[in-house]
Amino acid sequence: MAAAQPLPHFPVEHDGLRQVHDGVGDIAGADLLDPGSCEHLRDTIRGRGFVVVRNLLSPNEVGRINAEITREVDAYPRDVEPHTDGPPPFVDFDPAVTSGAVVPARRELGVRRLFRIATNNELMRQYCLNDERILAPVRAVFGDDDLVLIQSMALLKPPHTAEKRFHQDQGVFRLAHDTHGASCVLGWWIALDRADQGNGCMIFAPGSHKTGIVHHALPVPASSTAHIHYSVRDCPPPETTIAVEMEPGDALFFDVATVHGTGPNRSEDRRRRALQMQYAPATARPTKCPTDRKGLSITKTVGDVFDSASEDADAPTSWFDCDADVQCTEPQYWSYRKPEMRVPPTPRPNFGPP
């Protein structure tokens, strides 16, 4: 059965209906590793689905990261074919740019994201795999020292780019865990520019993670860029959503089963760059798609993919529910779902029982 065409999720008239986050429950980055802060993180994530951490990164760190993003984009080959299928390239240009419909003033203004930044950039790898400001809260919430980096990206959202419709990252990952259920992936979203409703800040449906993974669908008719609009079938009413406005260096720590999205960048000259990284316990495991046609028995965990003895670690049919060419209303992005890197073991600070 074909999915209905999702409506635009972030029309201008909704800006006055949704709430703007009032700062209640925010944590200062300087206090992040205090035992009481980690307990607050854990409780708020379980209740609301997200926490804002103010000033997680310093202005100098933000400037260095932004300079590194520019360097990577400028160094990327200029003769790369447009991305239409399979794993996204490291530097992923907006479809309007690759089609020639838009010619950006500068190359970086045509880039949607840098994909798997921990794999491709040493500075980003240090943040994703070795920065305790990022890792210790994940360990504290999960009560688990053995973590896997599921995915890392830099999201650039230049002016005049489209919305990212309401979705759950778990709608793509579809991981489960014996203890945490569908709430077994935690994400960081770190602002590298000011983010507000004018340039596409994050917007959440608080508490929506408690319903588990909801039905997602693609726009109809399908196209080579339809995957960008993979989104929840039933959009949350705007008055139940919260826009989280942030300054450079502020961060969101969230359960990626929480329904969220970002509005379009309606500004003339403001980017909305951000880092995003997502983590799961190594004992989390892929689950089956409701429209699975293969009848697979999935018994491995995401941690197993890094076991060199696993001969079929790179085979999509061993890990994921559908091949890339299977068309269904719940597309399984196997190229996104393969975990990116294993986090080096580090003892978890003693924040009390999970």
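Small disclaimer: the values here were computed from a predicted structure and weren't measured. (Residues numbered from 1 in each chain as written. Predicted model: local features only at pLDDT ≥ 70, side-chain atom pairs only at ≥ 80, totals over all residues. Heavy atoms only, no water.)

### Considerations on the sheet that holds strand 10 (residues 202–204)
Pairing within the open sheet is mixed, and its five strands lie in the order 1-13-10-15-7. Two strands close off the open sheet at either side, each with one partner strand: strand 1 (19–20) and strand 7 (164–167). Sheet analysis places strand 7 next to strand 15 (residues 260–262), joined by two bridges and oriented antiparallel. In the sheet register, K164 faces strand 15, and the bridge partner there is T262. (Pairing = 2+ DSSP bridges. Helix = DSSP H or I, 4+ residues; strand = E, 2+ residues; numbered from the N terminus.)

### What about the packing of aromatic side chains?
Overall, the coordinates contain five aromatic pairs when judged by the stated rule. Relative to F90, the ring of Y76 has its centre 6.4 Å away and its plane inclined at 70°; by these criteria the two rings are edge-to-face. One end of the pair, Y76, is in the loop between helix 2 (59–75) and strand 4 (91–93); the other, F90, is in the loop between helix 2 and strand 4, with 14 residues separating them in the sequence. A relative accessible area of 15% places Y76 in the buried class. Given the relative accessible area of 12%, F90 is considered buried. Three or more aromatic residues link up through ring pairs in this structure, and these residues are F50, F204 and F254. Across the ring face of F50, the terminal group of R48 is positioned such that the distance to the ring centre comes to 4.4 Å. (Phe/Tyr/Trp six-rings, centres within 6.5 Å; stacked < 30°, edge-to-face > 60°. Buried < 20%, exposed > 50% of the residue type's maximum accessible area, 1.4 Å probe, protein only. Lys NZ or Arg CZ within 6 Å of the ring centre and 35° of its normal.)

### Quick notes on the packing of helix 1 (residues 35–47) against helix 6 (residues 132–142)
Close contact between helix 1 and helix 6 brings their axes to 9 Å; oriented N to C, the two are set at 65°. Crossing hand, helix 1 versus helix 6: right-handed. Touching C38, L41, R42 and R46 of helix 1 are P137, A140 and V141, all from helix 6. When the residues that make up the contact of helix 1 with helix 6 are grouped by side-chain class, the tally is five nonpolar, no polar and two charged. (Axes fitted to C-alpha atoms, helices over the stretch in contact; angles between N-to-C directions. Left-handed = near helix turned anticlockwise from the far one by under 90°. Contact = heavy atoms within 4.5 Å. Nonpolar A, V, L, I, M, F, W, Y, C, P; charged D, E, K, R; others polar.)

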